[in-house]
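Now for the letters of each chain:
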Amino acid sequence: MSCRSDLSSWQALEQSATKLKQQQLKTLFAKDTSRFAKFSCQMPGVLFDYSKQLIDEESFSQLIALAEQADIAAWRDKMFSGEKINFTENRAVLHVALRNRSNSAIFVDDNDVMPLVNRELDKLKSFTQKVRSGEWVGHTGKPVKNVVAIGVGGSNLGPQMVTEALSNYADNTLNVHYVSNVDGVQLATVLDGLQAETTLFVVSSKTFTTSETMTNARSAVKWFLEYAPQDAIAKHFVAVSTNLEKTREFGIADDNVFTMWDWVGGRFSLWSAIGLPIALYLGFDKFVEVLEGAFEVDEHFKAASFENNIPLIMALLSVWNTSFLGHTAQAILPYDQALHMLPAYLQQGEMESNGKHVTFTGEPVPYTTVPLIWGMTGINGQHAFYQYLHQGNNIVPADFIASVKPQVVMDKHHDILLSNFFAQTEAMMSGVDELQIRADLTAKGKTSTQIDAVIAHKIHQGNRPTTSILLDTVDAKAVGRLIAMYEHKIFCQGILLQICSFDQWGVELGKGLASAIEAELTQNDVNYPHDSSTAGLISYYKNNR
Ligand SMILES: O=P(O)(O)OC[C@H]1O[C@](O)(CO)[C@@H](O)[C@@H]1O
C-alpha cells in the first residue's frame with residue numbers, strides 16, 4: 001500500500017510548510033482583511049474559527065486535496081454503513097448508530113442494528129424513569145438517592161465528563177458519583193456517608209474483565225453486604241456490558257444488565273447504555289438531547305463540503321500542525337468551567353485512537369502521527385502554564401472553546417471570561433515585538449539602559465496557532481455536538497494518517513504485566529523475572545508495605 005507521504009498533495013504540503021514556517025500570522029492577517037471570513041465556518045450552534053492557524057489559501061486547498069486523495073468520503077461512508085473498518089479486530093465502528101435519530105437501517109453482517117439500539121434505549125428509558133420516580137425501590141422499600149458509577153477509561157470518562165458539563169441542568173433527584181481508580185481512597189471517599197439501602201451501583205465495563213473496575217465492584221459489593229442481605233443485590237447492582245457470562249458470574253441478574261455491542265468502541269461508548277449514569281442524573285430526555293446534538297454533527301459531517309466540514313478541517317489542521325509543521329503537542333483549553341473534563345476525555349479519544357506507529361498495513365509510519373493532548377480550563381491554565389504557550393521554545397497549537405451564553409449568569413463574569421479567551425488567542429497569534437516594547441517602555445519613562453536589560457525577556461514571538469470554537473451555550477445538545485465533532489476529527493485523522501483508530505493494543509502490554517506482578521506481590525521469595533529496576537521497586541514495596 002502506498003504511503004500518504006507518496007501522495008502529490010502530501011508533497012505539495014511539505015513545500016508549503018517550508019514556505020509558511022517563514023511567515024508570520026499577523027502579516028497574513030494584515031495582508032488579507034477577509035481572513036476570518038475565509039477560514040471560519042458555522043453549523044447550527046457552533047462557530048468554528050481556524051483563521052489563526054498558520055495556513056494560507058494554497059495550503060488549505062492542498063489539505064483538501066489530501067482529504068480527497070486519502071478517500072475520506074469513501075471511508076466515512078464505510079463507517080456509517082457498518083463496514084468492518086476496525087480491521088485488526090474485524091469489527092464495524094458504529095457509535096453513530098447509537099445516535100441515529102433518523103432511525104434509518106444500518107446493517108452489520110446483513111442485520112439491521114437499529115432495532116437493537118432502540119430496544120436498549122427503551123430499556124434505559126424505562127429503568128431511568130423507574131429509578132428517578134421512586135418506583136424502583138431498594139431492599140428496604142426506600143427510593144434511590146445516590147448512584148455510584150464504577151468503570152474506567154471509556155466506561156467512565158464520557159459519562160463523567162457529560163455529567164459534569166450538564167450538572168447545572170440536574171434536578172437533584174439523584175446524586176451520581178464516579179469511581180474509576182483502583183486506589184481505595186476514591187471508593188472509600190464516595191461510599192463515606194452513603195446509605196446502602198438508598199444506593200444504586202452501576203458497574204460499567206464493556207468486557208467485564210477490567211481488573212480495576214472488577215476490584216472496585218467487588219469491594220462495593222462487600223461494603224453493601226455489611227448493611228444488606230445477599231438477595232438485595234438485585235435491587236442495588238446493575239451492569240452495563242457486552243459480556244453476559246461475566247455479569248452472571250459476578251452475580252448480576254440478566255434483567256439488570258444493559259448491553260452494548262462489539263461495534264461500539266469503549267472511548268466512543270457514552271451514547272450507548274454506558275451513558276446510563278447521565279440519564280439517571282439528568283433524566284432520559286436530556287440524554288436524548290445529547291444524542292440529538294451528536295446526530296446533527298453526524299449529518300453535517302456526511303453532507304458538508306470538505307471546505308466547510310468542521311470535523312474534517314479539525315483533522316486536517318491537526319495533521320498540518322503535527323506532521324508538517326512539527327508541533328508534537330496540542331492543548332485543549334475550554335473556558336467554560338462545565339467542560340473542565342474535556343481535556344481528559346479527549347486525551348483518551350485521540351491518543352488511544354491514533355497514538356500508533358504503524359500504517360493500515362503494518363509498516364512504520366514515516367511521519368509523526370498525533371500530538372500529545374493536554375490542557376485544562378483556560379482561565380486556570382492562564383495562571384499556570386500559559387507562560388509556556390506564549391514564550392516557550394516549543395509551539396503548542398491550541399483549541400480554545402467557549403460559549404456565547406453562560407450556563408450561569410453572574411454580573412460581568414461571562415464578559416470577563418470571554419475577554420480573556422479573545423485576548424489570549426490574539427496575543428498568541430500576534431505576539432509583541434521589540435519595536436512595540438521599546439515604544440511602550442519609553443512612554444513609561446524607562447531609560448534605554450533599563451529597556452535593554454529586559455527587552456529580550458519581554459518579546460513574544462507570537463505565531464502560535466489556535467482554533468476558536470464558540471458554542472451558543474453549553475447545554476445537552478451542544479455537548480453532544482462538541483463530542484461528535486472531536487470523534488469525527490479523530491476518525492479523519494486516522495484515515496489521513498493511515499492508522500487503525502479503533503483498536504488499542506498498546507494498553508494490553510501493561511495490563512498483562514500488571515496481572516503477573518500482582519501475583520508476585522502475594523508470594524514470598526520470588527525470583528523476579530524482571531530487570532533490576534523493576535525487581536528493586538517490587539522488593540522495596542514488599543519489604544516496606
Ligand atoms: O469497558 P472496559 O472493558 O472495562 O474497558 C475500559 C477501558 O479500558 C481500555 O481498554 C484501555 O485500558 C479502554 O479502551 C476502555 O475504554
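Because the structure is a prediction, the values reported are computed rather than measured. (Residues numbered from 1 in each chain as written. Predicted model: local features only at pLDDT ≥ 70, side-chain atom pairs only at ≥ 80, totals over all residues. Heavy atoms only, no water.)

Student: Explain the sheet that holds strand S7 (residues 199-204) residue by residue, including any values.
Tutor: Backbone hydrogen bonds are what pair the strands of a sheet, in a parallel or an antiparallel way. Read from one edge to the other, the open sheet built from five strands follows the order S6-S5-S7-S8-S9, with strand pairing classed as parallel. Only two strands of the sheet have a single neighbouring strand rather than two, namely strand S6 (175-179) and strand S9 (257-259). Strand-to-strand twist of the sheet, defined as the mean angle between neighbouring strand axes without regard to direction, takes the value 20 degrees. Pairing of strand S8 (residues 237-241) with S9 involves three bridges; the strand directions are parallel. (Pairing = 2+ DSSP bridges. Helix = DSSP H or I, 4+ residues; strand = E, 2+ residues; numbered from the N terminus. Axes fitted to C-alpha atoms, helices over the stretch in contact; angles between N-to-C directions.)

Student: I'd like a description of the UniProt feature "active site" (unreviewed entry) in the protein, backed by residues and values.
Tutor: Summarizing the sequence annotation, UniProt attributes the feature "active site" (unreviewed entry) to Glu352, His383 and Lys511 in the numbering used throughout. Spatially, the listed residues are scattered: they cover 160 residues, and their C-alpha atoms lie as much as 36.4 Å apart. Classification of Glu352 as partly exposed rests on a relative accessible area of 21%. The residues contacting Glu352, other than those within four sequence positions of it, are Arg267, Gln347, Asp503, Gln504 and Val507. Here Arg267 takes part through its side chain, which lies 2.8 Å from a polar atom of the side chain of Glu352. Note that Lys511 resides in helix H22 (residues 508-522). The exposure class of Lys511 is partly exposed, given its relative accessible area of 45%. (UniProt positions renumbered as here; feature names shortened; annotations may be inferred. Buried < 20%, exposed > 50% of the residue type's maximum accessible area, 1.4 Å probe, protein only. Contact = heavy atoms within 4.5 Å. Polar contact = N/O pair within 3.5 Å; in protein donor to acceptor, adjacent residues only side chain to side chain.)

Student: I'd like to hear about the pairing of strand S13 (residues 466-473), residue by residue, with values.
Tutor: Of all eight residues making up S13, seven are buried, and the element is well covered by its neighbours. Of the strand pairs in this sheet, strand S2 (residues 46-49) and S13 are connected by four bridges, and their pairing is antiparallel. Paired with Phe48 across the two strands is Ile469, which belongs to S13.

Student: Would you mind going over the domain arrangement of the protein in detail, with residue names and values included?
Tutor: According to the domain assignment, the protein contains domain 1 (4-69 + 304-430 + 464-497), domain 2 (96-288) and domain 3 (505-544). Relative placement of domain 1 and domain 3: their C-alpha centres are 40 Å apart. (Domains from an automatic or database assignment.)

Student: Give me the packing of helix H1 (residues 8-20) against helix H4 (residues 57-69): which residues, what numbers.
Tutor: One can describe the packing of H1 onto H4 by two numbers: an axis separation of 9 Å at closest approach and a directional angle of 155 degrees. Judged by the angle between their axes, H1 and H4 are roughly antiparallel. Like other packed secondary-structure pairs, H1 and H4 cross with a definite hand, here left-handed. Where H1 approaches H4, its residues Ser8, Ser9, Trp10, Ala12, Leu13, Ser16, Lys19 and Leu20 are matched on the opposing element by Glu58, Ser59, Gln62, Leu63, Ala65, Leu66 and Gln69. (Parallel < 35°, antiparallel > 145°, perpendicular 65-115°, else oblique. Left-handed = near helix turned anticlockwise from the far one by under 90°.)

Student: Got a sec to walk through the site of the ligand? Specific residues and values, please.
Tutor: Neighbouring the ligand are 14 residues, the closest being Ser155, Ser205, Thr207, Thr210 and Glu352. Here an oxygen atom of the ligand and a backbone polar atom of Gly154 are 2.7 Å apart. At a separation of 2.6 Å, an oxygen atom of the ligand approaches a polar side-chain atom of Ser205. When isolated, the ligand has an accessible area of 390 Å², and the protein chains bury 88% of it. For the shell around the ligand, the class distribution of residues is two nonpolar, nine polar and three charged. (Near = heavy atom within 4 Å. Areas by Shrake-Rupley, 256 points an atom, 1.4 Å probe, with all protein chains shown as cover. Nonpolar A, V, L, I, M, F, W, Y, C, P; charged D, E, K, R; others polar.)

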